[in-house]
Amino acid sequence: LFVGRVRCVKRTAGELVHCAPSEGLAWNVGVAPLAFPVLGAGVAVGSKHVPVVGQRAVQLHFKTLGFFAGTRLNIIDPLNVIMGLRLSDYKTYRDNYGKDGQFTGVSNELRTRNEITPYFGVTYDINHNLTAYPTYTRLFQPQSYTDITANFLDPNTGFNREIGLKVSLMEEALQFSLAAFETRQNNRAVLDPSMPDDCLLHDSSRPYGSSDTGNKTKSLTVDLNCARTNNCNMFSSYSDAITNNGA
């Protein structure tokens, strides 16, 4: 059980990713009697109170429900195929109230049913110490940001692909990894460029808008982990990223 801000879970074995919205209640459960298969479900519900000029208030609501599953197949001794998918149902709507505080109706309903976000990856053991892998993941992430009209933004969609090498030496006491990523996103939340910096909504938050489609980020990450003793680890990481909007 989880109550509070955003939580993202990344399974290093299967790289399954789930992010819950940033307000309200989120719940996740998974069943993994062995390393694979992985089965699970998650749900998140919440609301946001936003006063609006000329009205007493509006109440924004979101609901998400998801099921996910994954498995790993050993095709041949050095080659493993990892597959997974998530099935999501997402809904937002707005309760409106008059100046007298009376409920006046529901509006701005947005619903996405049976959104499928697959994951696919391959690992190949070049030798005992060196593993190469590529991965591909579709993205579907509901957003809790609101625009100038006090409505939730559309979900963030797109994909992420990665290719990398992992090296393990000295009985895994020294580990090195090199990875290159490319992420493309649609509807990514950005501060509304048409509004001045001092423009605040009535809940004191800044208004957001959706960026152009095709936002692309390319990055390179290098990690080094050294276990000097059982109680002492040293870790170093370097990352470089380039983002192009609307590319």
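For clarity, every value in this text was computed on a predicted model and none was experimentally measured.

Each value, and the rule that gives it
Throughout this description, residue numbers start from 1 for each chain and increase along the sequence as written. Per-residue local features are limited, in this predicted model, to residues with pLDDT of at least 70; the limit for side-chain atom pairs, both in listing and counting, is 80 or more; totals at the level of whole chains, interfaces and linings are taken over all residues. Only heavy atoms go into the side-chain values, all of them from the structure, while hydrogens and water stay out. Helix and strand assignments follow DSSP, with helices taken as H or I runs no shorter than four residues and strands as E runs no shorter than two, numbered in order from the N terminus. Using a 1.4 Å probe on the protein chains alone, a residue whose accessible area is under 20% of its type maximum counts as buried, one over 50% counts as exposed, and one in between counts as partly exposed. Any two residues whose heavy atoms approach within 4.5 Å are treated as being in contact. Per-residue accessibility takes into account occlusion by the displayed protein chains alone, with areas from the Shrake-Rupley method and a 1.4 Å probe. Two rings belonging to Phe, Tyr or Trp (six-membered ring only in the last case) form a pair when the distance between their centres is within 6.5 Å. Interplanar angles under 30 degrees mark stacking, angles over 60 mark edge-to-face geometry, and anything in between is tilted. Salt bridge, as used here: a side-chain nitrogen of Lys or Arg that lies within 4 Å of a carboxyl oxygen of Asp or Glu.

**Q** Give a description of the overall build of the protein that names residues and reports values.
**A** Helices and strands together make up the secondary structure of the protein, namely zero helices and 15 strands. Residues counted as buried form 36% of the 247 residues belonging to the protein. Across the protein, contacts joining residues at least 24 apart in sequence account for 50% of those joining residues at least 6 apart. Carbon and sulfur atoms form 55% of the exposed surface of the protein, whose accessible area is close to 14700 Å².

**Q** Help me get a handle on the packing of aromatic side chains, residues and values and all.
**A** The geometry of an aromatic ring pair is captured by two quantities: the separation of the ring centres and the angle between the planes. This model, assessed by the stated rule, comprises four aromatic pairs. Between Y97 and F103, the aromatic rings sit 5.7 Å apart at their centres with planes inclined by 65°, giving edge-to-face as the arrangement. With a relative accessible area of 26%, Y97 lands in the partly exposed category. Accessibility expressed as a relative area gives 47% for F103, which makes it partly exposed.

**Q** How would you summarise unusual backbone geometry if you had to cite specific residues and measurements?
**A** In this structure, E171 takes a positive phi of about 55° despite not being glycine. Here E171 shows up in the loop between strand 10 (156–169) and strand 11 (174–186). Classification of E171 by relative accessible area gives exposed; the value is 81%. Residue N187 is not a glycine yet carries a positive backbone phi of 65°.

**Q** Go over the pattern of salt bridges, please, and point to the residues and values.
**A** One pass over the full model with this rule turns up four salt bridges. The residue R111 makes a salt bridge to D89 at a minimum N-O spacing of 3.0 Å. Here the residue R111 occupies a position in strand 8 (residues 103–125), and D89 occupies one in strand 7 (residues 79–97), the gap between them amounting to 22 residues. Using a relative accessible area of 38% as the deciding quantity, one classes R111 as partly exposed. Residues E182 and R161 are paired through a salt bridge, measuring 3.0 Å at the closest nitrogen-oxygen approach. In this pair, E182 sits in strand 11 while R161 sits in strand 10, placing the two residues 21 residues apart along the sequence. Relative accessible area serves as the criterion here: at 11%, E182 is assigned to the buried category. We classify R161 as partly exposed; its relative accessible area is 38%. Each member of the salt-bridge network shares a partner with another, and the members are R161, E182 and R184.

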